[in-house]
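Listed below, chain by chain, are the residues.
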Amino acid sequence: MCDTLCVRHGEGSWFAKASDRPPNEIQVFAAHPRRAGGGGRRRMQYIDVPDAPAHAVLGSQPSWLRGFEHGVNEHGVAVGNERVWTATRPVSEPPALLGMDIVRLVLERAHDADEAFTVCTHLVETYGQGGSGEADHDAPYFSSFLIADPTNGWVVETDGRTWAARPTGSGAAISNRISLGRDWTVASDDVPPGSDFDEHRHPRMPTGFADRRLGVTRARVADPEPVGLAALARTLRDHGPGQPRLPVGSDIDDFTVCMHRPDLRSQTTAAMIAHLRPDRAPRAWVCLGNPCLGVFVPTFPDAVPDALGSEAEWLRFARLRDRVGDDEGQAAEVGAAFAAVEIGRAHV
């Protein structure tokens, strides 16, 4: 489970993602410097691909994986991916690229959103997707992607090597379901002109677990009020109207953007908000663990706090999450304490 959105506003764009992963899987955030490609092969999680020069990137990375859940590069390109359930069975595919591999490669190779779209779709068509995305569970899946830069963006949804895409316009949101219908503007050659891409959605997979969350993130995109760090942090901390900062219930229709579902092998384990600005370095704010029980820490392309890349720090937030549990009073105390130290304003 995950939720990703982008909004174009004022000078540039804002990008945000909540990454939902197995609850005890460590996810750290680190800077990776610009790198000259050696012309050899680059090892991804399961396969090798030709190496290429790489831009400097900031990426959020489950500790056992080579790829990123989300990130931003030195040129202000941000990318995040979502697991989607499709008509094609990913378990039947051989090991190939993970969606997280694709996120990292796109960030390393793209100067802007249009180039990121080209890189993304080329990787999907050339190498395919396959292999488990979980360390202790055979869970292969295909991905959708949200790409943004200061002035442009793309939604790309896939079913194996098949894909469809549309520009984000003034903003877009994606979650764990195929969301494109006939509104795609470009697609792989095997997608018939004018067809409904929603036909690639798994016919027996319910969408309720994603629909409510999509409603929240799409409302944020459509809101005419100015967007910024505070507004996006509230969205990533969503637990529903009037709900306290507590784990959600068992009904899949109650799944919220900030996920607390260890019983379903899914919990928000990291989040990022990025401000993508023309002719200026991007800014990012990163949270380790559940946003509702965490703090968004500011980062810069050349100054990422060491604590964000520390497995020990991630585990501290996990212990806090487990200690608070469903205690509403403790959750409110933690939220108030972090609100007092959280740095950043919408205009920064």
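The structure presented is a predicted model; accordingly, all values stated were derived computationally and were not measured. (Residues numbered from 1 in each chain as written. Predicted model: local features only at pLDDT ≥ 70, side-chain atom pairs only at ≥ 80, totals over all residues. Heavy atoms only, no water.)

Participant: Help me understand the pattern of salt bridges, please; the structure alone is not making it clear to me.
Facilitator: Pairing is possible between side chains of opposite charge, provided their charged atoms come close. The full count for this structure, using the stated rule, is 18 salt bridges. In this structure, Asp-238 and Arg-212 form a salt bridge, with 3.0 Å as the shortest nitrogen-oxygen distance. Of the two residues, Asp-238 is situated in the loop between α4 (229–236) and β14 (260–261) and Arg-212 in helix α3 (residues 208–222); the sequence distance between them amounts to 26 residues. For Asp-238, a relative accessible area of 13% corresponds to the buried category. Measuring nitrogen to oxygen at the nearest pair gives 2.6 Å for the salt bridge that ties Arg-237 to Glu-342. Taken together, the positions of Arg-237 in the loop between α4 and β14 and Glu-342 in the segment after α6 (328–341) put the pair 105 residues apart, joining distant regions of the chain. (Salt bridge = Lys/Arg side-chain N within 4 Å of Asp/Glu carboxyl O. Helix = DSSP H or I, 4+ residues; strand = E, 2+ residues; numbered from the N terminus. Buried < 20%, exposed > 50% of the residue type's maximum accessible area, 1.4 Å probe, protein only.)

Participant: Would you mind showing me how to read the nonpolar core here?
Facilitator: The nonpolar side chains of soluble globular proteins are, as a tendency, buried together. Membership of the largest hydrophobic core comes to 34 residues, with the highest contact counts inside it found for Phe-15, Phe-29, Leu-146, Trp-184, Phe-197, Met-272 and Leu-276. Only β3 (27–32), β8 (78–84), β9 (142–148), β12 (171–174), β15 (266–276), β16 (283–288) and α5 (311–324) provide two or more residues apiece to this core. With near-sequence residues (within four places) excluded, Phe-15 lies in contact with Thr-4, Leu-5, Cys-6, Ala-78, Val-79, Gly-80, Leu-146, Ala-148, Met-272, Ile-273, Ala-274 and Leu-276. One finds Val-49, Val-103, Trp-154 and Trp-163 within the second-largest nonpolar core, a separate group that totals 27 residues. (Core = buried A, V, L, I, M, F, W, Y, C linked by side-chain atoms within 4.5 Å. Contact = heavy atoms within 4.5 Å.)

Participant: Can you walk me through the packing of aromatic side chains in this structure?
Facilitator: Here the distance between the centres and the angle between the planes together describe a pair of aromatic rings. Taken as a whole, this structure holds five aromatic pairs when the rule is applied. Their ring planes at 20° and their centres at 5.8 Å tell us that Trp-14 and Trp-285 sit as a pair that is stacked. With Trp-14 in strand β2 (residues 13–21) and Trp-285 in strand β16, this pair connects stretches of sequence that are 271 residues apart. The class for Trp-285 is buried, based on a relative accessible area of 0%. (Phe/Tyr/Trp six-rings, centres within 6.5 Å; stacked < 30°, edge-to-face > 60°.)

Participant: Can you walk me through the sheet that holds β9 in this structure?
Facilitator: Read across the open sheet, the eight strands follow the order β3-β6-β7-β8-β9-β10-β11-β13; overall the sheet is antiparallel. The open sheet has two free edges, formed respectively by β3 and β13 (186–187), since each of these has just one partner strand. In terms of strand pairing, strand β11 (residues 162–167) meets β13 through two bridges, oriented antiparallel. Opposite Ala-164, over in β13, you have Ala-187 as the bridge partner. Helix α2 (residues 113–127) contacts β9, β10 (153–159), β11 and β13 of the sheet and is inclined by roughly 10° relative to β10. (Pairing = 2+ DSSP bridges. Axes fitted to C-alpha atoms, helices over the stretch in contact; angles between N-to-C directions.)

Participant: Would you mind going over α5 with me for this structure?
Facilitator: Residues spaced three or four apart along an α-helix point in a common direction, a consequence of the helix completing one turn every 3.6 residues. The terminal C-alpha atoms of α5 lie 20 Å apart, and with 14 residues this matches the ideal 20 Å at 1.5 Å per residue to within 8%. Inspection of α5 places Trp-314, Phe-317, Ala-318, Leu-320, Arg-321 and Val-324 among the buried residues, and these make up the whole buried set. Projected down its long axis, α5 carries its buried residues within an arc of 155°, all on one side. Within α5, the exposed residues directed more than 90 degrees away from the buried face are Arg-316, Arg-319, Asp-322 and Arg-323. Looking at where α5 begins, the residue whose side-chain oxygen comes 3.3 Å from the main-chain nitrogen of Ala-312 is Ser-310. Within two residues after α5, Gly-325 carries a phi angle of roughly 55°, on the positive side. (Expected span 1.5 Å × (residues − 1). Arc of directions from axis to C-beta. Polar contact = N/O pair within 3.5 Å; in protein donor to acceptor, adjacent residues only side chain to side chain.)

Participant: Just to check I follow, could you spell out α2 for this structure?
Facilitator: An ideal rise of 1.5 Å per residue puts 21 Å on 15 residues; α2 measures up with 21 Å between its terminal C-alpha atoms. For α2, every residue scored as buried is listed here: Ala-113, Ala-116, Phe-117, Val-119, Cys-120, Thr-121, Leu-123 and Val-124. Packing partners of the buried residues in α2 comprise α1 (99–109), β9, β10, β11 and β13. Of the residues one or two after α2, Gly-128 is the one with positive phi, at around 70°.

Participant: Explain the packing of α5 against α6 to me, please; I cannot follow it from the model alone.
Facilitator: When two helices pack together, their arrangement is given by the angle between their axes and by how far apart the axes lie. Where α5 contacts α6, the two axes come as close as 9 Å, and the packing angle between them is 145°. Handedness of the crossing formed by α5 with α6: right-handed. Together, Phe-317, Leu-320, Arg-323 and Val-324 of α5 and Gln-330, Ala-331, Val-334 and Phe-338 of α6 make up the contact between the two elements. Here the contact of α5 with α6 is built from residues that sort into six nonpolar, one polar and one charged. (Left-handed = near helix turned anticlockwise from the far one by under 90°. Nonpolar A, V, L, I, M, F, W, Y, C, P; charged D, E, K, R; others polar.)

Participant: I'm lost on the pairing of β10 in this one. Help?
Facilitator: Burial of β10 is extensive: seven of the seven residues sit out of reach of the surface. Alternating positions in β10 separate into two faces, Gly-153, Val-155, Glu-157 and Asp-159 on one and Trp-154, Val-156 and Thr-158 on the other, with burial throughout. Bridge count for β9 against β10 is five bridges, and the pairing is antiparallel. Residue pairing across strands places Ser-144 opposite Glu-157, the latter belonging to β10. If you look at the hairpin formed by β9 and β10, you'll find four residues sitting between the two strands. In this structure, the hairpin formed by β10 and β11 is closed by a connection of two residues, where Gly-160 is found at a positive phi of approximately 70°.

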